[in-house]
Amino acid sequence: MGLFGLFLAMFLLVHLTINLLLLCNDGGELFTAASSFMGTNIAIKIFEYVLFGGFFIHIIIGVIITLKNWASRPVGYLVANKSHTSFFSKYMFYTGAIIFIFLILHFMHFFFIKIGWVQVPAGLEKHDFYKMAIALFTNKLYSLVYIAFFIFLGFHLNHAIQSGFQTLGLNHNKYNCTIKRVSLIYSLLVAGGFSLVPIYFMFFF
Amino acid sequence: MDLTLKIWRQKNSSSKGKFETYKVNDVSPDSSFFEMLDTLNQQIIEKGNDPVAFDHDCREGICGTCSLYINGRPHGPKRGITTCQLHMRSFKNGDTIVVEPWRAKPFPLVKDLIVDRSALDLIIQAGGYVSVNTGGIPDANAIPIPKMNADLAMDAASCIGCGACVASCANASAMLFVGAKVSQLALLPQGKIEAANRVQKMVAEMDRLGFGNCSNTYACEAECPKEIKVTNIARMNRQFMKAKVCAEKHEAASFGG
Ligand code: HEM
Ligand code: SF4
Ligand code: FES
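Criteria and thresholds
Residues numbered from 1 in each chain as written. Chains lettered and ligands numbered in written order. Predicted model: local features only at pLDDT ≥ 70, side-chain atom pairs only at ≥ 80, totals over all residues. Heavy atoms only, no water. Domains from an automatic or database assignment. Contact = heavy atoms within 4.5 Å. Buried area = accessible area lost by both parts, 1.4 Å probe. Salt bridge = Lys/Arg side-chain N within 4 Å of Asp/Glu carboxyl O. Polar contact = N/O pair within 3.5 Å; in protein donor to acceptor, adjacent residues only side chain to side chain. Nonpolar A, V, L, I, M, F, W, Y, C, P; charged D, E, K, R; others polar. Donors = N, O, S within 2.8 Å, 3.2 Å for Na, K, Ca; no water. Tetrahedral: all angles 85-135°; square planar, octahedral: opposite > 155°, others 65-115°. Helix = DSSP H or I, 4+ residues; strand = E, 2+ residues; numbered from the N terminus. Buried < 20%, exposed > 50% of the residue type's maximum accessible area, 1.4 Å probe, protein only.

Chemist: Please explain the domain arrangement of chain B as it appears in this structure.
Modeler: Interface extent is often summarised as the accessible area lost during association of the parts. All names here are of chain B. For chain B, the domain assignment lists domain 1 (3–111) and domain 2 (118–246). The C-alpha centroid of domain 2 is placed 29 Å from the C-alpha centroid of domain 1. Between domain 1 and domain 2, the residue contacts involve 18 residues of the former and 21 residues of the latter. Between domain 1 and domain 2, a total of about 1,500 Å² is buried, with carbon and sulfur atoms accounting for 60% of that surface. Broken down residue by residue, the surface that domain 1 buries against domain 2 is led by Pro74, Pro106 and Phe107, which jointly contribute 32%. Remark: the boundary between domain 1 and domain 2 carries one salt bridge. For Arg73, the salt bridge is made with Glu223, and the minimal N-O distance between the two is 2.8 Å. Inspection of the domain 1/domain 2 interface yields two residue pairs in polar contact (both at pLDDT 80 or more). Partitioned by chemical class, the residues of the side of domain 1 that touches domain 2 number 10 nonpolar, six polar and two charged.

Next comes the structure, spelled out in structure tokens:
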């Protein structure tokens with residue numbers, strides 16, 4: 001769980017870097033170059049399957065573990081637990097499910113088009129991800145939904161990063177504080193970074 | 001103080017339970033929670049009814065027998081104490097106090113507020129010990145132990161096995177208890193010898209008994225009367241992974257004989 005989650009977290013950083021290239025005011029040259037590199041390089045193509053595997057395993061294990069955990073308390077309490085806890089940890093299953101919905105939407109808009117499962121939007125070319133992205137982000141409703149999803153991803157990650165370290169037993173009294181801080185900064189960076197793109201297209205494009 | 005109590009009543013493991021409401025009046029704020037329950041039971045007995053059954057023994061926070069999930073928190077509203085150390089001054093006049101047994105699949109209910117926590121003993125039996133051969137006692141100074149390890153082991157060893165960590169955990173996970181019991185031995189040279197085998201056996205037993213999996217919510221640390229740290233869970237995870245990857249397979253993986 002922790003391994004796969006942290007692996008996905010590394011991937012998000014790469015994805016974020018490429019997305020932020022959308023913000024370069026160069027008519028999409030850099031972004032197109034980067035996405036076609038990602039689309040054609042053989043190593044990346046193999047990695048794509050590793051990544052899908054990562055998502056698949058993370059989700060399957062997450063769901064199985066959550067169901068098992070629920071089964072560990074067949075009779076619940078009348079008064080819900082009031083203990084002081086890591087807040088978002090209680091909602092990992094739900095924030096995860098929200099991310100999953102977004103993932104499907106996201107695949108419909110990009111990856112499924114690439115592999116030909118979904119029709120290319122009218123007037124666009126199959127590999128022109130730059131135009132597709134612009135078409136999506138200039139739609140205000142889509143942009144707002146996109147930002148909302150990333151806020152939930154931020155919630156998921158805020159607990160997830162430090163939790164992954166704890167699960168792997170990577171814990172040290174010199175670095176614990178740093179890990180918690182990195183967890184917070186990382187989640188803000190991802191939620192904020194990804195949101196910059198729709199904000200840019202909504203207001204400045 | 002005048003209080004309203006809502007208490008879970010259940011005759012035995014197979015019968016259906018329900019909440020009963022009781023009133024207790026003139027409770028001294030200086031009395032303990034259990035003295036208050038004793039007063040209530042006296043009232044119930046005088047009416048010829050069955051008193052509320054609850055677990056307790058030492059009544060001074062050292063044995064780990066008492067339990068009770070009070071107003072949404074194991075061992076009540078105060079940090080770092082057991083139910084038997086809880087006093088009525090922690091409540092206000094006119095309060096309604098909801099008292100529930102600890103809920104977890106591996107803790108079957110025995111009667112009213114008493115649950116069977118032998119599952120924790122079974123985890124200890126699976127490996128939470130050091131095999132000692134009889135013979136002369138070695139000189140204490142013959143085995144050097146860093147002060148910090150001695151302190152950490154002592155902190156872990158202060159776990160009284162009450163099960164509040166399980167009761168508070170959203171997943172009914174026993175990882176804090178097992179983490180403490182693994183750590184108290186693994187930190188010391190005498191315990192290191194069987195460490196790899198121990199952690200695997202105790203974790204396997206914990207899973208077999210149906211405890212949930214830790215999702216690092218840390219409610220356990222907040223509720224543990226002995227303030228056991230979740231770093232013990234990380235230590236157990238680390239050792240478990242190391243043992244799974246590095247430890248050699250034992251044909252007869254039994255030890256301690
Ligand atoms: C980009 C996407 C994602 C990343 C980077 C990510 C990352 C993580 C990380 C690092 C953890 C902590 C693991 C641990 O403590 O051992 C975690 C936990 C979890 N994730 Fe994700 N996750 C992502 C997507 C999802 C999705 C799509 C779902 C489900 C539908 C999901 C469900 C869960 C659940 C249920 C947990 C809690 C498991 C537990 O605490 O035992 N995640 N995630
Ligand atoms: S770790 Fe704390 S809460 Fe859990 S059994 Fe030990 S003393 Fe009780
Ligand atoms: S009765 Fe012994 S710890 Fe509470």
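Chemist: Would you mind showing me how to read the coordination of the iron atom of ligand 1 here?
Modeler: Each angle at a metal carrying four tetrahedral donors should ideally be 109.5 degrees, and each at a metal carrying six octahedral donors should ideally be 90 or 180 degrees. All names here are of chain A. Taken together, the protein ligands of the iron atom of ligand 1 are His58 (NE2) and His156 (NE2), with distances of 2.0 to 2.1 Å. Taken together, the six donor atoms coordinating the iron atom of ligand 1 span angles of 87 to 180° at the metal, a pattern that classifies the geometry as octahedral. On the criterion of sequence distance, the pair formed by His58 in helix H3 (residues 42–71) and His156 in helix H7 (residues 140–167) is long-range, its members being 98 residues apart. On the accessibility criterion, His58 (17% relative accessible area) is buried. Look at His156 and you get buried, because its relative accessible area is 11%.

Chemist: Sorry if this is basic, but what is going on with the environment of Ser31 of chain B here?
Modeler: Residue and element names in this part refer to chain B. Locating Ser31 in the fold gives a position in the loop between strand S2 (18–24) and helix H1 (33–46). What makes Ser31 buried here is its relative accessible area of 13%. Separated by 145 residues in sequence, Ser31 and Leu176 place their C-alpha atoms 31 Å apart. The contact partners of Ser31, leaving out residues within four places of it in the chain, are His87 and Met88. Within the local environment of Ser31, its side chain forms a polar contact with the backbone oxygen of Ser28, the two atoms lying 2.7 Å apart.

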